[in-house]
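# Remarks on the overall topology
Spelled out from the first residue to the last, the chains are:
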Amino acid sequence: MYLEDLTLKDFRNFDRVKVNFDSHINIFIGKNAQGKTNLLESIYFLALTKSHRTSVDKELIKFNMKIAGIHGTLCKRNIRFDLKLLVSNKGKKAWINRLEQKKLSNYLGTMNAILFSPEDLSLIKGSPAFRRRFMDLEFGQINAEYLYFLTRYRQVLQQRNTYLKQISSKKASDPIFLNVLTDQLAGLAAEVVHKRVLYLDLLKENAKKAYAFISDQKEILDIEYKASFPEFDEKDSVEKIYKKILLSFEHVKVNEMRLGTTLVGPHRDDLQVFINKKSAQEYASQGQQRSIVLSIKLAEIDLMHQILNEYPILLLDDVMSELDNIRQKNLLNYINGKTQTFITTTDINSISQEMIKIPRIFRIVSGTVSEEK
């Protein structure tokens, strides 16, 4: 798949701009705070209806304006899709081929994008929340059912936490209602965990191959799911996971009522990464961390192709300067001919000359976009 064109209206620092893209490599050049990352962000937002930089959608609307619009033409399996998103203080609306989608979940999955930004280097030594968000964003793109169970889980989790806070502050005391919420949450948690493990298993096999390619077969990468409840086995069925989570809730019940929060579930799970069976979180060098994250991103591309029979669009947000020439070359060789790629940079010289043989280059200055011939 590839994005043929993009039109923005009152998005971030852009008034109105229309850009036609190359189906292979596109480079956005500009100094800091000119809008190159905003342009990349708009492509990501068109795919996922979320920003990788903020959780507050109204920040995407140009100052003093009420609505931001993103409109793009996606080519997928030789079919064109007319995609449109509007963002306002009231929320988001989405259209596919001029038909408004009643739910954003119906829109998601039409366009797939993988983002690699400097923040992703925190995937190894960053917080568990960062790794959970990574799983939810990527797995949600490839499976609507995962997205459904995750959304329902978050809704019931919020209900249960609210009720636990009421119990903690002596404003409620109905054990039956708490049990109902607990049972619902355990069922949804089991579905989320089971699907995470399923897709993680596929992802890590692709990541192992990518890492072996990058490290010249010298090191072995492995990724494991770290559950927040005991005796978890990655081969467990949904029913087994449900029973183990339910039992864990029973064990932490007193603490949860005292603290007013849910202590067990996928919102507290994590990933563990290993190099040659040693914890990457503890022992990986900076170079190894870069190689691991690069391998995971490359694995995402292959996983999407494996599941969807389509390669996603690749977005590289100011990461080329973070990768040495060898890693840049490995990245190029791996994605060669597979994906439409968008790259932001402040300096074209930071990108390997091998990358810029036949790109389409755009210069961004104060919210204006011009193509360099």
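Just above, that's the structure.
Here's a quick rundown of the structure. (Residues numbered from 1 in each chain as written. Predicted model: local features only at pLDDT ≥ 70, side-chain atom pairs only at ≥ 80, totals over all residues. Heavy atoms only, no water.)

## Focus: the nonpolar core
Counting 69 residues, the largest nonpolar core has Phe139, Ile292 and Leu298 as its most contacted members. The leading source of residues in this core is helix H6 (residues 175-214), at 15 residues. Excluding anything up to four places from it in sequence, Ile292 contacts Ile124, Tyr211, Leu221, Val273, Ile275, Ala280 and Ala284. The next biggest cluster of nonpolar side chains, apart from the first, holds 38 residues, and it includes Leu8, Leu60, Ala94 and Leu315. (Core = buried A, V, L, I, M, F, W, Y, C linked by side-chain atoms within 4.5 Å. Buried < 20%, exposed > 50% of the residue type's maximum accessible area, 1.4 Å probe, protein only. Helix = DSSP H or I, 4+ residues; strand = E, 2+ residues; numbered from the N terminus. Contact = heavy atoms within 4.5 Å.)

## Regarding the pairing of strand E4 (residues 67-76)
Most of E4 is tucked away: eight of the ten residues are buried. Bridge count for strand E1 (residues 2-11) against E4 is seven bridges, and the pairing is antiparallel. In the sheet register, Tyr2 faces E4, and the bridge partner there is Cys75. Pairing of E4 with strand E5 (residues 79-88) involves ten bridges; the strand directions are antiparallel. Note that in E5 the partner of Gly72 across the bridge is Leu83. Connecting the antiparallel pair E4 and E5 is a turn made up of two residues, with Arg77 showing a positive phi of about 55 degrees. (Pairing = 2+ DSSP bridges.)

## Focus on the packing of aromatic side chains
Tallying each qualifying case throughout the model produces eleven aromatic pairs. With 5.9 Å between their ring centres and 65 degrees between their planes, Phe28 and Phe362 make a pair best called edge-to-face. Taken as a pair, Phe28 in strand E3 (residues 25-29) and Phe362 in strand E14 (residues 360-365) lie far apart in primary sequence, 334 residues in all. Taken individually, Phe28 and Phe362 each receive the classification buried, so the pair is uniform in this respect. Taken together, Phe21, Phe28, Phe342 and Phe362 form an aromatic cluster joined through their ring pairs. In this structure, Lys84 packs its charged tip against the face of Trp95, placed 5.1 Å from the ring centre. Directly above the aromatic system of Phe249 lies the positively charged group of Arg160, at a separation of 4.4 Å from the ring centroid. (Phe/Tyr/Trp six-rings, centres within 6.5 Å; stacked < 30°, edge-to-face > 60°. Lys NZ or Arg CZ within 6 Å of the ring centre and 35° of its normal.)

## A look at empty space enclosed by the protein
By the definition in use, this model includes two cavities of 30 Å³ or more. Computed from the structure, the largest cavity encloses a volume of approximately 50 Å³. What lines the largest cavity is simply Leu123, Ile124, Arg131, Phe134, Leu200, Leu203, Ile223, Leu271, Val273 and Ile296. Going through the elements one at a time, helix H3 (122-125), helix H4 (128-142), H6 and strand E10 (270-275) are the ones with two or more residues in the lining of the largest cavity. Along the lines of polarity and charge, the residues of the lining of the largest cavity split into nine nonpolar, no polar and one charged. Volume-wise, the second largest cavity comes out at about 40 Å³. Lining the second largest cavity are Ile114, Glu138, Phe139, Ile142, Glu300, Leu303 and Met304. Elements with a contribution of two residues or more to the lining of the second largest cavity: H4 and helix H9 (286-308). (1 Å grid on protein atoms, 1.4 Å probe; cavity = no way out; pocket = protein on both sides within 12 Å on 5 of 7 lines; lining within 4 Å. Points joined across faces, edges and corners; volume = space filled by probe spheres on them. Nonpolar A, V, L, I, M, F, W, Y, C, P; charged D, E, K, R; others polar.)

## Re the sheet that holds strand E12 (residues 313-317)
The six strands lie next to each other as E8-E12-E13-E3-E14-E15, forming an open sheet whose pairing is mixed. Every other strand in the sheet has two partners, leaving strand E8 (113-116) and strand E15 (368-372) as the edge strands with one partner each. Here the strands of the sheet are splayed against their neighbours by 20 degrees on average, with no regard to which way each runs. Strand direction decides the pairing type here: E3 and E14, joined by four bridges, are parallel. Of the residues in E14, the one forming a bridge with Asn26 is Arg360. Taken strand by strand, H9 contacts E8 and E12, and its axis lies near 175 degrees from that of E8. (Axes fitted to C-alpha atoms, helices over the stretch in contact; angles between N-to-C directions.)

## Topic: H6
For H6, which comprises 40 residues, the first-to-last C-alpha distance of 54 Å matches the rise-based estimate of 58 Å (1.5 Å per residue) to within 8%. N-cap assignment for H6: the residue whose side-chain oxygen lies 3.0 Å from the backbone N of Ile176 is Asp174. (Expected span 1.5 Å × (residues − 1). Polar contact = N/O pair within 3.5 Å; in protein donor to acceptor, adjacent residues only side chain to side chain.)

## Concerning the sheet that holds E1
Pairing is antiparallel across the open sheet formed by six strands, whose spatial order is E2-E1-E4-E5-E6-E7. On the outer flanks of this sheet lie strand E2 (14-20) and strand E7 (99-100), each paired with one strand and no other. Running at roughly 110 degrees to E1, helix H1 (residues 36-48) makes contact with E1, E2, E4, E5 and strand E6 (91-96) of the sheet.

## Describing the pattern of salt bridges
For the coordinates displayed, the defined rule picks out 22 salt bridges. Where Glu310 meets Arg77, a salt bridge forms, and the shortest distance between an N and an O atom there is 3.7 Å. Residue Glu310 is found in the loop between H9 and E12, and its partner Arg77 is found in the loop between E4 and E5; the two are separated by 233 residues along the sequence. The partner of Asp120 in a salt bridge is Lys297, with the nearest N and O atoms 3.7 Å apart. In this pair, Asp120 is assigned in the loop between E8 and H3 and Lys297 in helix H9, connecting sequence segments 177 residues apart. (Salt bridge = Lys/Arg side-chain N within 4 Å of Asp/Glu carboxyl O.)

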